[in-house]
Amino acid sequence: MKKTLFLALVAGTVMTFTSCKENKPAEQAAVEAEAAQSEPETSITAIEQFLTDSIAPGYAKAQYSIPCVIASDTDESNPDETLVWGDFWVFNYDIAGDTLKTVSGGSHPGLMHVKRVDGHLQVTAFEQVGDGSNFTPTAKKIFGDKFDAFLKLHADEKAREELRAKAIAAYVKSHNLPVTLYQDFGWPAIAIPAEK
């Protein structure tokens, strides 16, 4: 079984989940479609699309949704399906002046199943870790022998925040957003790093 440990885009603090099933604004859908045309498909881009389309609408509506992924392990041994274990984040933002203001978002750890469907990579199933008292038993079941590695990454707040900033920078650049800062409610605004 070929396994590769990698970190992809990541996010920070868990936000409050609220029920809101509205679709993303047409403005965001248009810029995402344009950005997707210039970006090669990978299991990570498929997961980001799933987070934007299927998870983000469950939160309070905002102008922009930035998916952030921290992958603790991946299995590409089956040519028909890639498995990605990790902590999958969504952050929804509104723009105020030159700042992305966090509206809502949160963490969704678990296992993503990615397959090629009609010529495109898509998430076809998501095994999600439970909340509260269900967190540990469901995480152990989903992650198995990868559980300790997952917990280590899940607890590394500094790394999450650094990679969240990189995720925001990449999104802002690819979508040509006129912002230089991002800000969580009650916290100082942070400069968006230059995207390399």
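Keep in mind it's a predicted model, so treat the numbers as computed, not measured. (Residues numbered from 1 in each chain as written. Predicted model: local features only at pLDDT ≥ 70, side-chain atom pairs only at ≥ 80, totals over all residues. Heavy atoms only, no water.)

A. Main features of helix α3 (residues 135–143). Buried within α3 are the following residues: A139, I142 and F143. Buried residues of α3, viewed axially, fall in a sector of 85 degrees; they line one side. Where the residues of α3 are buried, they touch β2 (64–78), β3 (81–96), β4 (99–117), β5 (120–128) and α4 (147–155). Just beyond α3, the residue with positive phi is G144, at close to 55 degrees. (Buried < 20%, exposed > 50% of the residue type's maximum accessible area, 1.4 Å probe, protein only. Helix = DSSP H or I, 4+ residues; strand = E, 2+ residues; numbered from the N terminus. Arc of directions from axis to C-beta. Contact = heavy atoms within 4.5 Å.)

B. Structural view of the side chain of S43. Here S43 lies in helix α2 (residues 43–55). Among the residues examined, S43 registers a relative accessible area of 14% and is labelled buried. Ignoring any residue separated from it by four or fewer positions in sequence, one finds S43 in contact with T82, V84, V114 and L121.

C. View of unusual backbone geometry. Non-glycine residue D118 carries a positive phi angle of around 50 degrees. Tracing the backbone shows D118 in the loop between β4 and β5. Given the relative accessible area of 74%, D118 is considered exposed. At N176, a residue that is not glycine, the phi angle is positive and equals roughly 50 degrees. Within the secondary structure, N176 is located in the loop between α5 (157–174) and β6 (181–183). A relative accessible area of 64% means that N176 is categorised as exposed.

D. Representation of the nonpolar core in the model. I66, L100, I168, V172, L177 and I192 are the most contacted members of the largest nonpolar core, which totals 18 residues. Elements supplying a minimum of two residues to this core: β2, β3 and α5. Looking at this core, the element that brings in the most residues is α5, giving six residues. Setting aside residues no more than four positions away along its own chain, L177 makes contact with Y64, L100, Y171 and V172. Judged by nonpolar contacts, the second largest core, of 17 residues, contains F50, L51, I55 and V90. (Core = buried A, V, L, I, M, F, W, Y, C linked by side-chain atoms within 4.5 Å.)

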